[in-house]
Amino acid sequence: MITDTRPAIINVNPVFSEITGYSAEEVIGKNPNILRSNKQSQEFYANMWKSILETGHWQGEIWNRKKDGTLYAELLTISSVYDDEGKVQNYISLFSDITQLKYQQQALEQMAHFDVLTRLPNRTLFADRFHQAIARCKRNKSLLAIVFLDLDGFKPINDRYGHESGDKVLIEVAKRIKHAIRDEDTASRLGGDEFALLLTGIVSQDQCKQILSRIYQAISRPYSLDDQTLALGVSGGVTLYPLDDGDPDTLLRHADHAMYQAKMAGKNRYHFFDTGAVQQLAHKHRQLQNIEKAFEQQEFCLYFQPKIDMRNGRVFGAEALLRWRHPQKGMLQPAAFLPIIEGSHLECQVGQWVIETAIDQLDQWRQQGLTLEMSINISSRHLLDSDFITQFQEILSNYPTISPENVQLEILENSALGDLNLVNKVIKTLSETLHVSTALDDFGTGYSSLTHLRYLPVDTVKIDQGFVRDMLDDPNDFSIIEGVISLSQALHRQVIAEGVESSDHGLMLLMQGCYLAQGYGIARPMPAEELPQWLSEYRCPKQWIELANKPLSEHQAALEQLWLTDKHWLQRLKNCLLSSSNTLPDWPIMNYHLCHCGRWLKLAQIHGDFDPAN
């Protein structure tokens, strides 16, 4: 667009008309402000013209309005054109339509700060608002209520009606919570059916109870789902800051503990954090002291679980897994003690010891002629420790014969990863400077999986063993694995499945395009000294190698998957029918619409491979 100095439009090109909807005849002679959207202030335009008059140039983003009234964003450059005497003769405006880009940016910002399903703030935004609420509470000398909510009876809905129906219920619960709280309050979905609330400006416990009463009434109203009327309850825990004077993590843990008290008291109620919780914390402190003593007395050790390429049976690596040789209780798994040290000074100390011990073992295997990749688990808190990179670099320098490419750090995906930008920088440093690869462990169980995969430049995605273990029973888990594999391949990430417990699991994964695996069906974790003998004796299932060397067509693979899942379904049915146990047997999915067979027939009908009339 070219204007004179008034300014009035004197010429436009055809692309101007394409973008704005105005023909040249409609705009020539008119002021460019006919495009104005009124989304920018007068101050914005004053600064823009100040730049043009002083420098002869301005560039920036601006919202304008098309002829039909539609708003659009443009990247705009305005340049002054001078005559031979140095006076401004014209202005030339060059712009391109960036509306779609702006909407994509908004969508990315939404993904980064809001739960994809419920549109409530996610953990990242919740943490930011938590700090703001505490600061406001100190200024106003008021109370802040931290509420932890967990739905009662939600799992049966998921199991009976499927995850899609469960998602609809969660969306409705989120809407009801938002309508029940005040504008200044915050509701967040932490994951699954867990929600956290920040109720600000509370003056008394009674006022807090009134708000909680509204929330409980809203959640307890019946839910309509596929012509069914469902009921839900909710268990809640509450703590009041600064009566409970802790940091955000501590306060949320206190509210969580109070919620469990509500569960144990009969569900569908709430509890305020009390001295009983304090006693529990004292017990945890004693546990922490015992773990610290065990660490000092070298009672910790590492086991190693092999990882293989199912296409050829090659063992390419092993994962280092922490164990505690307890003098009285025997060998303890990480779940028995790692949650206790989480957030304490021991977390990074133990993590550092694991890294050093694992790399030392890698060097010992190298001396025995074994070249393997060592996978080492690391917590997000340890990863973000200010000294981590320096300490890790020092460990690697102590083993100059170890190739850093044979070391991989596995970051647990279902933990709160904190500042994603900082995590991103650390991973890039590991890759570009230290040449160490990274993996996103337990992928799919975290609160923001897609966000993590988009923003974190990890090399490998590990499919959570829960999905793999149940893939033969639950088509939803099967579909999740399909999605993770496709997404990983699209983003050029390597993918490995953990939890492979049988030959059938491996066959299903191979047909889905996942070739790397670990699990009890391959090998259980073992002491380092047992690994060389296991390597010499291990033989990969022939079916895996045969399938890899002679891939099936898409139709053949679908039939093979149906055969595997139906075989598994019938075996579970037989086990339940013949069970003599007094406990309720774990029946296979009996709903035709939710089982593997029903899903297969539906897809076959869609693709024309099956005609129900025949």
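The present account deals with the structure reproduced in this document. (Residues numbered from 1 in each chain as written. Predicted model: local features only at pLDDT ≥ 70, side-chain atom pairs only at ≥ 80, totals over all residues. Heavy atoms only, no water.)

Another point: the pairing of strand β19 (residues 460-463). With burial as the criterion, each face of β19 is covered, one bearing Thr460 and Lys462 and the other bearing Val461 and Ile463. Both strand β18 (residues 437-443) and β19 contribute to a ladder of three bridges, which runs parallel. Looking across to β19, one finds that Ala439 is bridged to Thr460. Note: β19 against strand β20 (residues 494-498), four bridges, orientation parallel. Within β20, the position partnered with Lys462 by the bridge is Ile496. (Buried < 20%, exposed > 50% of the residue type's maximum accessible area, 1.4 Å probe, protein only. Helix = DSSP H or I, 4+ residues; strand = E, 2+ residues; numbered from the N terminus. Pairing = 2+ DSSP bridges.)

All right, on to the packing of aromatic side chains then. Evaluation of the coordinates by the stated rule reveals 15 aromatic pairs. Ring geometry for Trp49 and Tyr91: centres 5.3 Å apart, planes at 80 degrees, overall edge-to-face. On the criterion of sequence distance, the pair formed by Trp49 in helix α3 (residues 42-55) and Tyr91 in strand β5 (residues 88-97) is long-range, its members being 42 residues apart. In this structure Trp49 comes out as partly exposed when scored by relative accessible area, which is 29%. Among the aromatic side chains, those forming a connected cluster through ring pairs are Phe295, Phe300, Trp324, Phe337 and Trp353. Between Arg176 and the ring centre of Tyr223, over which it is positioned, the NZ or CZ distance is 3.8 Å. One residue, Arg524, lies across the ring of Tyr520, its end atom 4.0 Å from the ring centre. (Phe/Tyr/Trp six-rings, centres within 6.5 Å; stacked < 30°, edge-to-face > 60°. Lys NZ or Arg CZ within 6 Å of the ring centre and 35° of its normal.)

Okay, a nonpolar patch on the surface next. Judged by side-chain polarity, Leu577, Leu578, Trp587 and Met590 come together as a nonpolar surface patch covering roughly 470 Å² of accessible area. Relative to the assigned elements, Trp587 resides in the loop between α22 (554-577) and α23 (596-606). (Patch = residues over 30% accessible without salt bridge, like charges linked within 9 Å, V, L, I, M, F, W, Y side chains within 5 Å. Areas by Shrake-Rupley, 256 points an atom, 1.4 Å probe, with all protein chains shown as cover. Salt bridge = Lys/Arg side-chain N within 4 Å of Asp/Glu carboxyl O.)

By the secondary structure assignment, Asn31 is in the loop between α2 (24-27) and α3. Owing to a relative accessible area of 31%, Asn31 belongs among the partly exposed residues under this scheme. Once the C-alpha coordinates of Asn31 and Arg6 are considered, the two residues, 25 residues apart in sequence, prove to be 8.2 Å apart. With sequence-adjacent residues up to four places away left out, Asn31 is seen in contact with Pro7 and Ile9. (Contact = heavy atoms within 4.5 Å.)

Negative charge collects at one region of the surface, where Glu164, Asp167, Asp226 and Asp227 lie side by side. Relative to the helices and strands, Asp227 resides in the loop between β9 (223-225) and β10 (228-230). When its relative accessible area of 84% is taken as the criterion, Asp227 is described as exposed. (Lys, Arg positive; Asp, Glu negative; His and termini not counted. Charge placed at Lys NZ, Arg CZ, Asp CG, Glu CD.)

Bringing unusual backbone geometry into the picture now. Pro7 follows Arg6 through a cis peptide bond whose omega is 5 degrees. For Pro7, the location among the structural elements is in the loop between β1 (2-3) and β2 (9-11). Put simply, Tyr241 and Pro242 share a cis peptide bond, and its omega is 5 degrees. If you check the backbone angles, Arg119 has positive phi at about 65 degrees while not being a glycine. Its location among the elements puts Arg119 in the loop between α4 (99-113) and α5 (123-140). Judged by relative accessible area, which is 48%, Arg119 ranks as partly exposed. With a phi close to 50 degrees, Asn268 is a non-glycine residue in the positive phi region. Looking at the element boundaries, Asn268 is found in the loop between α9 (248-264) and β12 (270-272).

What follows concerns the sheet that holds strand β7 (residues 186-191). What the five strands build is an open sheet, ordered β7-β8-β6-β11-β12; its pairing is mixed. Every interior strand has two partners, whereas the edge strands, β7 and β12, have only one. Averaged over all pairs of adjacent strands, the angle between their axes in this sheet comes to 20 degrees, without regard to strand direction. Where helix α7 (residues 163-180) meets the sheet, its contacts fall on β6 (143-152), β7 and β8 (194-202), and the angle it forms with β8 comes to roughly 5 degrees. (Axes fitted to C-alpha atoms, helices over the stretch in contact; angles between N-to-C directions.)

None of the figures reported here should be taken as evidence of function without further support.
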